[in-house]
Structure formats: C-alpha cells, structure tokens
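# Chains, contacts and geometry: an overview
These are the residues of each chain, in order.
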Amino acid sequence: MPDVLEAIKNVVQSLIDDEPKSPLHVGEVMASWLFLALCAETQVQIEAGINSTTDPELRKTLHEAVEMFKSQKEELAAFLRLEGVPLPPTSESKPISDPNSVPLGVKLTDKELANSLKIKISMAITNCANATAQIIRNDVGIMWGRFMQEHITFLATFKSQMRKRGWLKVPPPYIPTGSPNPGR
C-alpha cells in the first residue's frame, strides 16, 4: 500500500517546485541564521556530553541527537550559502575522549546531560515553529516543518526514556484555589 503522507508530500512538492522563488526576507534569514547557530553549538555540546557518560543507552541517544543536529546544520548551511547569506561562526566538533578520564568536578551527571538535551530540543521546536510562522516561501516552510517534525519525534521518544530512568523534571501540579484537591 502506498504511503499516503509520502503521496501528499509529493503533490505539495510538485506545486512548490513550480512556484517562483522570491528572495528571503529578513525574518527568514534571521530565523535560519539563528537556528544554524543553535544546531552547530548544540551538536558540539552534545559531543562533549558523549565524552562524559558511560551509560550505553544515553550515549546512543546522544549520538542520534548529534546526527540530527548535524544533518539539519549541513542542510541549512547549504541552503543559506545558495541564498547568499553569510554563515554564523561556529565551534569545532569535539574529539572523542574517554568518559572515565573526565574529572568529577567537570563531568555532568547523566540526568544533567539528559535534561540539557531536552531543553535544547525544546528550544529547537520553538525556533522551528516561530520560523514557520514567519515564512513566505513554501519551500522554506517545508524545510522548517520537517525540522520541527524531526525534533518532536525525537523528543517524544527521549521523554519516555527520561521518565523510565527518573530523569524527567516534572513541575508540581497546579491546583487552583477553591478546587477540590484529591491528594490532600
């Protein structure tokens, strides 16, 4: 059976391919430039996290996150170059090192690494949503929608892993004044 979403994507893509491409406006440029910087710096920070954890499940998740951010960074950099937009300065990738040699005063806990990644992914989703709201060109909108979908899918799986491991920080429940409180 053919994939319905793939068929819809192909129809939309054929319509967009025929659409004239206007120059990016300042909002599209700024959103793209900032997101590229976010992807590049987050990739480097996650690589540092990989170098400081020995947890195999977390290491696998961090590697997946690095690949997602790296892929989006490369696609966005190529897109911006094509559009004539200068790229932001970024940090270099971290070399692989032994997690057991990281001093305890520097080493982040697995819970800290997981929550830091969750925050970065949440920031990426927000940035993608804001960028999508600002776009004029449909080809750019599809790129942002795809980036956002990748982050949402990653985060849904990652939050389950965090909850299972006891790493997910959950705010206290809000119970308005005067409402029945079953827990008291």
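### Here we look at helix H5 (residues 138-165)
Counted at 1.5 Å a residue, the expected span for H5 with its 28 residues is 40 Å, and the 40 Å between its end C-alpha atoms agrees. Among the residues of H5, Val140, Gly141, Met143, Trp144, Phe147, His151, Phe154, Leu155, Phe158, Gln161 and Met162 are the ones counted as buried. The secondary structure elements touched by the buried residues of H5 are helix H2 (26-50), helix H3 (56-82) and helix H4 (110-134). Of the residues trailing H5, glycine 166 is marked for its positive phi of about 80°.

### Section: the pattern of salt bridges
Tallied over the full model, the rule gives seven salt bridges. Linking glutamate 57 and lysine 164 is a salt bridge whose minimum nitrogen-to-oxygen distance equals 3.2 Å. Of this pair, glutamate 57 sits in helix H3 while lysine 164 sits in helix H5, placing them 107 residues apart in sequence. Between aspartate 139 and arginine 137 there is a salt bridge; the shortest N-O distance is 2.8 Å. Residue classification places arginine 137 among the buried positions, given a relative accessible area of 3%. Members of the salt-bridge network, linked through shared partners, are Asp55, Glu57, Lys164 and Arg165.

About the criteria used
- Residues numbered from 1 in each chain as written.
- Predicted model: local features only at pLDDT ≥ 70, side-chain atom pairs only at ≥ 80, totals over all residues.
- Heavy atoms only, no water.
- Helix = DSSP H or I, 4+ residues; strand = E, 2+ residues; numbered from the N terminus.
- Expected span 1.5 Å × (residues − 1).
- Buried < 20%, exposed > 50% of the residue type's maximum accessible area, 1.4 Å probe, protein only.
- Contact = heavy atoms within 4.5 Å.
- Salt bridge = Lys/Arg side-chain N within 4 Å of Asp/Glu carboxyl O.

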